[in-house]
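Each chain, written out:
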Amino acid sequence: MEIKDKKAILILMNTDMDSYRQREMESLISSAGGILLSTCHQNRKEIDPKTFFGKGKVEYFKQVAEELDAELVIVGEEVSPSQLNHLIDALERPVMDRNMVILELFSQRATTNFGKLQVELATKEYMYPRLAGARNNLDRQGGAGNLRGKGEQKLELDRRRLRKSIDRLKECIKKSAQVEDTKARSRRESKLPTVSFVGYSNTGKSTLLNRILEFTEANEQKKVYADDRLFATLDTHARFVTLPHGAKMILSDTVGLVRDLPHQLIDAFSSTLGEIESTDLLIEVVDLSNPYHDMERETTKQLLEELSLGDTPKITVYNKADRVPNIMPFDTQGIVMSAFHQEDIYKLLCTIEEVLFGPVQEEETFFTFEEGSEMNAYLQNHKLCTIHHDEDGVYVKAFGYAKGEGLYDWI
């Protein structure tokens, strides 16, 4: 399934030139390190049950691959194990479908032990029924009568080994999930509200998290990896953030979403994606510079509904406004912003703060000298304006929140 540094051609069914589907597939290949030589199309009313594409078109694809010396052919959709095997035979070179490219991309990006286990499981479960095609270089000569050939015997042995490996991975993930659950539970027990970034891959979620950490003067080591490509980061990162007027929250950056995500990955990443099930507020990050952002929002909506998060309170952030030269009046209740403009970061944080806790207001509170611990706790969650001492105690003026007007009323 290796694609990095491999010369490849992309073949697509019923897809217009330079369409969203084509551009997304080309971006996936580029992000995985593949070298795309050419993109070929076929328009056909019905899918060929044997080779997905028509027989004549498969011959044409083979000629193109030979002329360009392509090492790999990539199908822009999911194909069945049987279709994959027939395409490998007909094209006489390795073939990957869309899901295999995504799985390979996830394999490259996984950094934590838990993430690596999840990707490995998803990959092996997807490849298990496709093993015959993956091992196309086997000796396929059959034996006499009812005897099996060496290739068949080797294939059965490989399947047994792969099945055992899948079972072993499930056990390892089960144990690792207990550790991840403990971390998530400790964050929930901190009694801090949780806010989670969600959205399509490469909309700027990780960059936005880093800019918020910079704005709030958090430790530089708390920053996460960010890059302008699909699935630059896979793991969920949770960070403590202090809001402009004193309150604190836990802000999480989650794995990016993509159209028609392989169900094996949804299953394998159920714990990673499931961590946002208990979130108090979702921040849907949209790439305003992407002309197809409405389609990506629809994908995000569908996946959130699959996770039973469709009714969770949400703020929509239209990011990367700095890449749009002339922004027309934007009729939306969301926030149009750039992660690289400090005033936009401040506006976003203030919006999050008001949704969580209610409108900010200045309040004065009196503490006796015996209430020192209570005053310290109060100042932990309020931004101090002034403090005045007299013979009876301490008068503290600080920013507070209108009680009962936000999602979170613990302060």
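In the block above lies the structure referred to throughout.
Residues numbered from 1 in each chain as written. Predicted model: local features only at pLDDT ≥ 70, side-chain atom pairs only at ≥ 80, totals over all residues. Heavy atoms only, no water.

(A) Molecular detail of the environment of Phe106. Take Phe106: it is sitting in helix 4 (residues 98-109). Overall, Phe106 belongs to the buried group, its relative accessible area being 2%. Between the C-alpha atoms of Phe106 and Val119, which are 13 residues apart in sequence, the distance is 6.5 Å. (Helix = DSSP H or I, 4+ residues; strand = E, 2+ residues; numbered from the N terminus. Buried < 20%, exposed > 50% of the residue type's maximum accessible area, 1.4 Å probe, protein only.)

(B) Region of interest: the environment of Val355. Along the chain, Val355 falls in helix 12 (residues 342-357). Along the primary structure Val355 and Tyr408 are separated by 53 residues, whereas in three dimensions their C-alpha atoms are 8.4 Å apart.

(C) Spotlight on the packing of aromatic side chains. Going through the model one piece at a time under the given rule, you end up with eight aromatic pairs. Aromatic pair Tyr60 and Phe61: ring centres 6.1 Å apart, planes at 55°, arrangement tilted. What makes Tyr60 partly exposed here is its relative accessible area of 42%. Among the aromatic residues, those joined into a cluster by ring pairs are Phe52, Phe53, Tyr60 and Phe61. Above the ring of Tyr126, the side-chain terminus of Arg130 is found at 3.7 Å from the ring centroid. Against the face of Tyr128 rests Arg163, its NZ or CZ located 5.4 Å from the ring centre. (Phe/Tyr/Trp six-rings, centres within 6.5 Å; stacked < 30°, edge-to-face > 60°. Lys NZ or Arg CZ within 6 Å of the ring centre and 35° of its normal.)

(D) Structural detail: the pattern of salt bridges. Counted according to the given criterion, the structure contains 13 salt bridges. Note that Glu125 is salt-bridged to Lys170, the shortest N-O span being 3.5 Å. Here Glu125 is found in helix 5 (residues 113-127), whereas its partner Lys170 is found in helix 7 (residues 150-188), with 45 residues between them in sequence. The exposure class assigned to Glu125 is partly exposed, which follows from its relative accessible area of 24%. Linked through salt bridges whose partners overlap, the residues forming this network are Glu284, Arg297 and Lys314. (Salt bridge = Lys/Arg side-chain N within 4 Å of Asp/Glu carboxyl O.)

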